[in-house]
Amino acid sequence: MLYPTYTRRSDPFALMRSMLRDFDRVSPSRLAQPVFPAVNVWQSDEAVAITAELPGVDPADIDISVKENVLTLSGERKAPEVPEGARWHRNERGFGRFARSVRLPFVAADDKVEARMTNGVLRIVVGRPEEDKPRKIEIKAA
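Residues numbered from 1 in each chain as written. Predicted model: local features only at pLDDT ≥ 70, side-chain atom pairs only at ≥ 80, totals over all residues. Heavy atoms only, no water.

- As annotated in an unreviewed UniProt entry, the protein carries the name HSP20 family protein and comes from Celeribacter persicus.
- Recorded in UniProt under Sequence similarities (unreviewed entry), the annotation for the protein is "Belongs to the small heat shock protein (HSP20) family." (UniProt positions renumbered as here; feature names shortened; annotations may be inferred.)

## Topic: the pairing of strand E1 (residues 39–43)
Thinking step 1. Relative to strand E2 (residues 47–53), E1 runs antiparallel, the two being bridged by 5 bridges. From the neighbouring strand, Asn40 faces E2, where its bridge partner is Thr51. (Pairing = 2+ DSSP bridges. Helix = DSSP H or I, 4+ residues; strand = E, 2+ residues; numbered from the N terminus.)

## Topic: the pattern of salt bridges
Side-chain pairs of opposite charge can arise where the charged atoms are in close proximity.
Thinking step 1. One pass over the structure, following the stated rule, counts 3 salt bridges.
Thinking step 2. The partner of Lys78 in a salt bridge is Asp61, and the shortest N-O contact between them spans 3.2 Å. Residue Lys78 is located in the loop between strand E4 (70–77) and strand E5 (96–103), and its partner Asp61 is located in the loop between E2 and strand E3 (62–67); the two are separated by 17 residues in the primary sequence.
Thinking step 3. With a relative accessible area of 53%, Lys78 lands in the exposed category.
Thinking step 4. Classification of Asp61 by relative accessible area gives partly exposed; the value is 21%.
Thinking step 5. We note a salt bridge from Glu76 to Arg97, for which the minimum N-O separation is 4.0 Å. Separated by 21 residues along the polypeptide, Glu76 in strand E4 and Arg97 in strand E5 bring together distant segments of the chain.
Thinking step 6. Its relative accessible area of 61% is what places Arg97 among the exposed residues. (Salt bridge = Lys/Arg side-chain N within 4 Å of Asp/Glu carboxyl O. Buried < 20%, exposed > 50% of the residue type's maximum accessible area, 1.4 Å probe, protein only.)

## Considerations on the pairing of strand E6 (residues 113–118)
Thinking step 1. Of the strand pairs in this sheet, E6 and strand E7 (residues 121–127) are connected by 6 bridges, and their pairing is antiparallel. Residue pairing in the sheet places Met117 in a bridge with Leu122 of E7.
Thinking step 2. Linking E6 back to E7 in an antiparallel pair, the connection comprises 2 residues, with Asn119 at a positive phi of about 50°.

## Quick word on unusual backbone geometry
Thinking step 1. Even without glycine at this site, Glu68 takes up a positive phi of about 55°.
Thinking step 2. On the secondary structure map, Glu68 appears in the loop between E3 and E4.
Thinking step 3. Its identity is not glycine, yet Asn119 carries a phi of approximately 50°, on the positive side.
Thinking step 4. Note that Asn119 resides in the loop between E6 and E7.
Thinking step 5. The class for Asn119 is exposed, based on a relative accessible area of 78%.

In structure tokens form, the structure reads like this:
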């Protein structure tokens with residue numbers, strides 16, 4: 001884009017504001033879709049916990065799999081039914097298939113994974129194998 005040179009000295013930042021407006025209009029960050037679902041991951045000595053925000057997703061449409069040290073959460077958020085003849089005024093919620101993978105700090109077993117969905121928040125707890133849990137070593141006096 002061509003930017004005019006400003007000869008008036010009353011507003012030295014006018015050219016900068018003009019350039020920033022143009023940048024904001026075409027910025028890729030404004031066009032990018034947020035990652036879905038949003039997840040939080042934390043760990044303790046006993047397990048790793050993962051929470052995922054999945055509002056409007058039926059638990060039957062969610063698949064959770066564990067392979068070695070990667071947990072994969074996938075599924076589908078179905079498009080809302082719109083009556084015939086209706087038209088969208090605003091459509092900000094995405095729909096369709098999704099998948100997120102989380103690398104775990106240990107190799108997980110299927111029998112140590114528990115998942116529960118409450119109020120649109122999926123909570124997955126992956127238990128740490130006994131052989132991988134940190135052990136306290138006792139120091140003996142000499």
